[in-house]
Amino acid sequence: MTNCSDMQPRLAVYADGELAAKLRAPVEAHLADCQKCRTEVERWQALRRCAQRAIASEALPPGLEQRLRQRLHTQSGTARRRLIKFVVPGLAAAAVIVVAVLLYLPGSGGGSVALAAVDVSAEDFARIYRKCAVDGHHDSHNCRGMSAQDARELLARELGFKPLVADLSAHGYVLGGACKCFPVRDLRVIHVHYLSQDTQAQVVSLFSADRRVRLKAASPFNGAPDRGRPDRSYEVAQAGQVNVLKWDEQRVSFALCSQMEQEQLLELAGAADFARFLRQLPAYARGPDR
Amino acid sequence: MPAKAEKSFEELAVPHLELVYRVARRLCRDEHEAEDLVQETYLKAYKAFSRFEMREFGIKPWLLKILHNTFLNRLARERRAPRVADHKNMEQMHEAPGAGSEISEPPALDYEKLDSEVKRAIDQLQPEFRTVLLLWGTMEVSYQEIADILGVPIGTVMSRLHRARQALTRALHDYAREHRLIPASEQ
Ligand SMILES: [Zn+2]
Ligand SMILES: [Zn+2]
């Protein structure tokens, strides 16, 4: 009878059914007589089944297949979008990142009833800002590097409506990505972030929601009203180092989120061209909040 | 006639979405990132589909190959932009299991706990070992296919798999001992 230690290196491979034919016969002859090695083969197989179980325990995210098919359809027949030439600066280079969350208009939301307002804390915004913009560069729509105009068109095709993508290129910001990560349940958003080639060590987010947001622990923003928009009333709140600047437009809200000074956020908020976008709001989002 | 002339990319590739996602999920930190990776993989595959020779490779390993390359690109990008490391070293996996864990009565097999132990162990492997172990763990591809996917010789697959499997066994040592999952040679 062959020695167990001769068998050792082959048992795992045998357990996987991958042992070359000419090596299989002696292993099988040994296994017929050796309980210890048979057990070992079984255990290697059990280990693989454990791995298989664990890997298979992840459910497909809801809607992923549909989103994928939609994107494949979008791809076919459309010319490749034009990319702005720029190098995405690494965080090590301490680039400025601006994150904008665009108004999310659900396809089913055709009614004219405004959605109920929700409470959101500065920390809720800050969490998404950190996760998606600072750490993740989250971009489920492959918007990175596109012009605001191109991104608007791409998102319109993928989402079925034309969201606001503020053109902040005059302020030195280019698009870094778009996603739909929401700060709290029941609040739907679309999330687009911009990167700046600027080397200051800052990161910024701009959020828009599908309804009014009540910013928890907020105070009215009184600084530099001439640089903001006189027709808007801004509110601010803080979560650690992160500032959140929020304002309402008709029945929906927008917020900027960053480690910038509040005055800088105000400047970006004032720069975004909302007028044209607001004319395209769906019925439920139009009109004064009640 | 190559099969691709008869079936569209979507018909051929989307049925493997679950497999591709599951591998991606364990390569990434979270669901968002995994979905991004999967979408990027499929878009790349879609664009390259006309150049794809199914008879030589098969769509499943081909998708996994693109997934792997895309993952490596992202990894390289991240390494240029350093962040808090969240993948522990292989060495840390080799720490001896805690002493004094005398078990009098084996507890009932808690599959959810086992799954999360296994996932945690997989997540702690270095990427090159993790990828091999994941592909092996799906039970959907052969050693040769793993070699093709990763673009390495089959011997490399086998040695990486050997190490990854042992690391997994060690990480699960306590758990595995209770449930007789450990090969005799490892005890
Ligand atoms: Zn034996
Ligand atoms: Zn996100």
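As a starting point, this report considers the structure included with it. Every chain is numbered independently, its residues counted from 1 as its sequence is written. Each chain gets a letter, beginning with A, and each ligand a number, beginning with 1, in the order they are written. Where totals are concerned, whole chains, interfaces and linings use all residues; where local detail is concerned, this predicted model gives features only for residues with pLDDT of at least 70, and gives and counts side-chain atom pairs only at 80 or more. Values reported for side chains reflect all heavy atoms of the structure, with hydrogen atoms and water molecules removed beforehand.

Here we come to the overall build of chain A. Every helix listed is a DSSP run of H or I at least four residues long, and every strand listed is a run of E at least two residues long, numbered separately from the N terminus. Helix and strand counts for chain A stand at eight helices and ten strands. For chain A, the proportion of its 290 residues judged to be buried stands at 53%. Counted over contacts in chain A with a minimum sequence separation of 6, partners at least 24 positions apart contribute 70%. All accessible-area figures derive from a Shrake-Rupley calculation using a 1.4 Å probe, and residue coverage is judged against the displayed protein chains alone. For chain A, the accessible area works out to roughly 13100 Å², and carbon and sulfur atoms hold 50% of it. Each residue is placed in one exposure class: buried if its accessible area under a 1.4 Å probe, protein chains only, is under 20% of its type's maximum, exposed if it is over 50%, and partly exposed if it falls in between. Only heavy atoms enter the contact rule, under which two residues are in contact if any of them lie within 4.5 Å.

With that out of the way, let us pick up the coordination of the zinc ion (ligand 1). All names here are of chain A. The protein atoms that coordinate the zinc ion (ligand 1) are C4 (SG), H30 (NE2), C34 (SG) and C37 (SG), at distances spanning 2.1 to 2.3 Å. Its four donor atoms give the zinc ion (ligand 1) angles of 99 to 118° at the centre, a pattern that matches the tetrahedral case. Any N, O or S atom lying within 2.8 Å of the metal counts as a donor, with the limit raised to 3.2 Å for Na, K and Ca; because water is left out of the atom set, some sites can appear incomplete. Along the chain, the residues donating to the zinc ion (ligand 1) are arranged with the sequence spacing C-x25-H-x3-C-x2-C. Here C4, found in helix 1 (residues 4-15), pairs with C37, found in helix 3 (residues 35-56); they are 33 residues apart in sequence, far enough to count as distant. Neither C4 nor C37 differs from the other in exposure class; each is buried. All geometry calls rest on donor angles, where a four-donor set with angles between 85 and 135 degrees is tetrahedral, four- and six-donor sets with opposite donors more than 155 degrees apart and all others between 65 and 115 are square planar and octahedral, and all else is irregular.

Another point: the environment of Q149 of chain A. All names here are of chain A. Topologically, Q149 is positioned in helix 6 (residues 148-159). Q149 sits 16 residues away from V165 along the chain, and the two C-alpha atoms are 7.5 Å apart. Within polar-contact distance, the side chain of Q149 engages the side chain of E153 at 2.7 Å. We call two N or O atoms a polar contact when they sit within 3.5 Å, provided that within protein one can donate a hydrogen and the other can accept it, with sequence-adjacent residues counted only if both atoms are side-chain atoms.

The next subject is the nonpolar core. Looking at soluble globular proteins, one finds that nonpolar side chains tend to be buried together. Ranked by size, the top nonpolar core spans 74 residues in total, and within it Y42, L64 and L168 of chain B carry the most contacts. Excluding residues within four positions of it along the chain, L64 of chain B makes contact with L19, V20, V23, L135, V141 and I149 of chain B. In these notes, a set of buried Ala, Val, Leu, Ile, Met, Phe, Trp, Tyr and Cys residues joined through side-chain atoms within 4.5 Å is what counts as a nonpolar core. Formed by 28 residues, the second largest nonpolar core is a distinct cluster that contains C143, V236, F254 and M260 of chain A.

This part takes up the packing of helix 1 of chain A against helix 2 (residues 21-33) of chain A. Residue and element names in this part refer to chain A. To obtain an axis, a line is fitted to C-alpha atoms, over the contacting stretch when the element is a helix, and the angle between two such axes runs from 0 to 180 degrees between their N-to-C directions. Packing of helix 1 against helix 2 brings their axes to within 10 Å, and their N-to-C directions diverge by 115°. The orientation of helix 1 relative to helix 2 falls into the category roughly perpendicular. The crossing of helix 1 and helix 2 is left-handed. Residue-level inspection shows C4, M7, R10, L11 and Y14 of helix 1 in contact with helix 2, the latter providing L23, R24, P26, V27, E28, H30 and L31. In this classification, the charged set is Asp, Glu, Lys and Arg, the nonpolar set is Ala, Val, Leu, Ile, Met, Phe, Trp, Tyr, Cys and Pro, and all remaining amino acids, among them Gly, are polar. Considering only residue class, the contact of helix 1 with helix 2 consists of eight nonpolar, one polar and three charged. Note on terminology: angles under 35 degrees are roughly parallel, angles over 145 are roughly antiparallel, angles of 65 to 115 are roughly perpendicular, and the others are oblique. When the near helix sits turned anticlockwise from the far one by under a right angle, the crossing is termed left-handed; a clockwise turn instead gives a right-handed crossing.

Once that is clear, we can look at the pairing of strand 10 (residues 252-258) of chain A. All names here are of chain A. Most of strand 10 sits inside the fold, with seven of its seven residues counted as buried. The alternating pattern of strand 10 places V252, F254, L256 and S258 and S253, A255 and C257 on opposite faces, both of which are buried. Examined bridge by bridge, strand 9 (residues 242-249) and strand 10 share seven bridges and lie antiparallel to one another. In the sheet register, K246 faces strand 10, and the bridge partner there is A255. Whether two strands pair depends on DSSP finding at least two bridges between them. From the end of strand 9 to the start of strand 10, which pair antiparallel, there are two residues, and Q250 there has a positive phi angle of about 50°.

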